[in-house]
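# Tertiary structure, described
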Amino acid sequence: MRTSPRPRIKTPTSPRPRPSTAGPFRYPNKETALPATTYPKADNDSQWFSGRYPGDTMPHPNVIVLHTTECSSWPDYDDGAVAPTFTVKGGQVRQHFDANESARALVNAPGGVQTNTLNAVQIELVGTCEKGGPGLYWPEASDEDMAGLVGLVRWLTSEYPIPLVSTSKPWRSYPSSYGSSGGQRMSFTEWTNFEGICGHQHVPENDHGDPGAFPIQRLIALVKGEKPTPPKPSSTIVPLASGVEPGKRHSQVRDLQRLLITAGYGPIKGAVTDYYGANTQAAVAAFHDANPELKSTGTARDVAIGERGFEELQKEAGRR
């Protein structure tokens, strides 16, 4: 539910009485009764809001909308007035409405399209989509952090005709996910035709940016039981800082000396220090002798490391 910015009430509610479940609803043109409406692993007593804010029965839920609460504890949801279908906090799941009953966490403006009632199951994740925000930062959630959500999504996609696929729209990081200028917001037609998993940032008539750069493909892989492909490590190659010159002091000279030694152009007497002295210059000259194409033009003995040379030296020392 992250906006730019929007305070929200976060005090816990007292348990609500859970109303009796209505009779079975059948899929259009099918004889099969609608599947179970309550998640077996959910707490559906602590914050059951259907009795206070009964929703519309949705014929065939086929969309999951993910939100973040922007707090670190169970939200009050204005005593249910803006509640989703489920809330996930670690391995705990609270259910607020039947799975086939419309929830209330989306804006539904007059004269546009339906949002809450358009077969959308809404899940709030306790935490934040903003780096440094309150609670768990969901874009960097671990597999363990996602365990409760994984179990819920697996149940929903097995019980209901919800495809286990992401929207093709980008999952923008917050705050660029706020509003519609980032190209992530669906048009009315796209929303009406969509089936699968999306975020609050994708729903039309809304401007919220949650759940930010959520790791949707990792969620899908975990729900499928697949072992996610580990992300490629970020490059450890760093640029040469200005001021790293023979005869001068600079903090990066320490790194230069270590790299020269690791790559076999040392030892460097007096290392490790921030002074680019004669011994460091001799090691750089030896590096250039082994890589003459990186020497400065017209220089027989090149003791000054350059940008291209510093990059190559890092690779020779094992950085990627």
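Owing to the predicted nature of the structure, the values given are computational and were not obtained by experimental measurement.

### Points about the packing of helix α5 (residues 252-262) against helix α7 (residues 307-316)
Geometrically, a packed helix pair is captured by the angle between its two axes and the distance between the axes. Closest axis-to-axis distance for the α5/α7 pair is 9 Å, and the angle between their directions is 50°. Considering their axes alone, α5 and α7 lie oblique with respect to each other. Between α5 and α7 lies a crossing of left-handed hand. Between α5 and α7, the contacting residues are Gln-252, Asp-255, Leu-256, Leu-259 and Leu-260 on the first element and Phe-310, Leu-313 and Gln-314 on the second.

### Notes on the side chain of Arg-185
Among the secondary structure elements, Arg-185 is positioned in the loop between α2 (147-159) and α3 (188-193). The side chain of Arg-185 is buried and forms no salt bridge, while Asp-207, the nearest opposite charge, is found at 5.9 Å. Polar contacts involving the side chain of Arg-185 include one to the main-chain carbonyl oxygen of Asp-207, which spans 3.3 Å. From its side chain, Arg-185 meets the backbone oxygen of His-208 in a polar contact 3.1 Å long.

### Overview of unusual backbone geometry
With an omega of 15°, the peptide bond between Tyr-174 and Pro-175 qualifies as cis. Mapping Pro-175 onto the fold places it in the loop between α2 and α3. Going from Asp-210 to Pro-211, the amide bond is cis rather than trans, its omega being 0°. As for its position among the elements, Pro-211 is in the loop between β5 (196-199) and α4 (216-224). The phi dihedral of Tyr-77 is positive, around 55°, even though this residue is not glycine. According to the relative accessible area criterion, Tyr-77 is buried, its value standing at 1%. Its identity is not glycine, yet Asp-79 carries a phi of approximately 60°, on the positive side.

### Some thoughts on the pattern of salt bridges
Summed over the entire model, instances satisfying the criterion amount to 10 salt bridges. Among the salt bridges present, the one from Glu-140 reaches Lys-131, with a minimum N-O distance of 2.9 Å. Note on accessibility: Glu-140 and Lys-131 belong to one class, exposed. With a closest N to O distance of 2.7 Å, Arg-319 and Asp-255 form a salt bridge. One end of the pair, Arg-319, is in the segment after α7; the other, Asp-255, is in helix α5, and 64 residues separate them in sequence. In this structure Arg-319 comes out as partly exposed when scored by relative accessible area, which is 22%. Residue classification places Asp-255 among the buried positions, given a relative accessible area of 17%.

### Describing the packing of α5 against helix α6 (residues 278-290)
Contact geometry of α5 with α6 gives a least axis separation of 10 Å together with a crossing angle of 50°. Compared by their axis directions, α5 and α6 come out oblique. In this structure, α5 meets α6 at a crossing whose hand is left-handed. Contacts between α5 and α6 pair Leu-256, Gln-257 and Leu-260 from the former with Thr-280, Ala-283, Val-284 and Phe-287 from the latter. Taken together, the residues of the contact of α5 with α6 sort by class into five nonpolar, two polar and no charged.

### What to know about the sheet that holds strand β2 (residues 86-89)
Taken together, the five strands give an open sheet; going across it, the order is β3-β2-β4-β1-β5, and neighbouring strands pair in mixed fashion. Whereas interior strands pair on both sides, the edge strands pair on one side only; in this sheet they are β3 (92-95) and β5. Within the sheet, the average angular offset between the axes of one strand and its neighbour, ignoring direction, is 25°. Where β2 lies against strand β4 (residues 120-125), three bridges are found, and the strand directions are parallel.

### Here we look at the environment of Leu-136
Mapped onto the elements, Leu-136 comes out in the loop between β4 and α2. Residues Leu-136 and Glu-70, spaced 66 residues apart in sequence, show a C-alpha to C-alpha distance of 9.1 Å. Filtering out sequence-adjacent residues up to four positions away, Leu-136 remains in contact with Val-126, Gly-127, Thr-128, Ala-141 and Asp-145.

### What to know about the side chain of Gln-257
With respect to the helices and strands, Gln-257 occurs in helix α5. By relative accessible area, Gln-257 is classed as buried at 1%. Apart from residues lying up to four places away in sequence, Gln-257 is in contact with Ile-268, Ala-271, Val-272, Thr-273, Tyr-275 and Thr-280.

Thresholds applied
Residues numbered from 1 in each chain as written. Predicted model: local features only at pLDDT ≥ 70, side-chain atom pairs only at ≥ 80, totals over all residues. Heavy atoms only, no water. Axes fitted to C-alpha atoms, helices over the stretch in contact; angles between N-to-C directions. Helix = DSSP H or I, 4+ residues; strand = E, 2+ residues; numbered from the N terminus. Parallel < 35°, antiparallel > 145°, perpendicular 65-115°, else oblique. Left-handed = near helix turned anticlockwise from the far one by under 90°. Contact = heavy atoms within 4.5 Å. Buried < 20%, exposed > 50% of the residue type's maximum accessible area, 1.4 Å probe, protein only. Lys, Arg positive; Asp, Glu negative; His and termini not counted. Salt bridge = Lys/Arg side-chain N within 4 Å of Asp/Glu carboxyl O. Polar contact = N/O pair within 3.5 Å; in protein donor to acceptor, adjacent residues only side chain to side chain. Nonpolar A, V, L, I, M, F, W, Y, C, P; charged D, E, K, R; others polar. Pairing = 2+ DSSP bridges.

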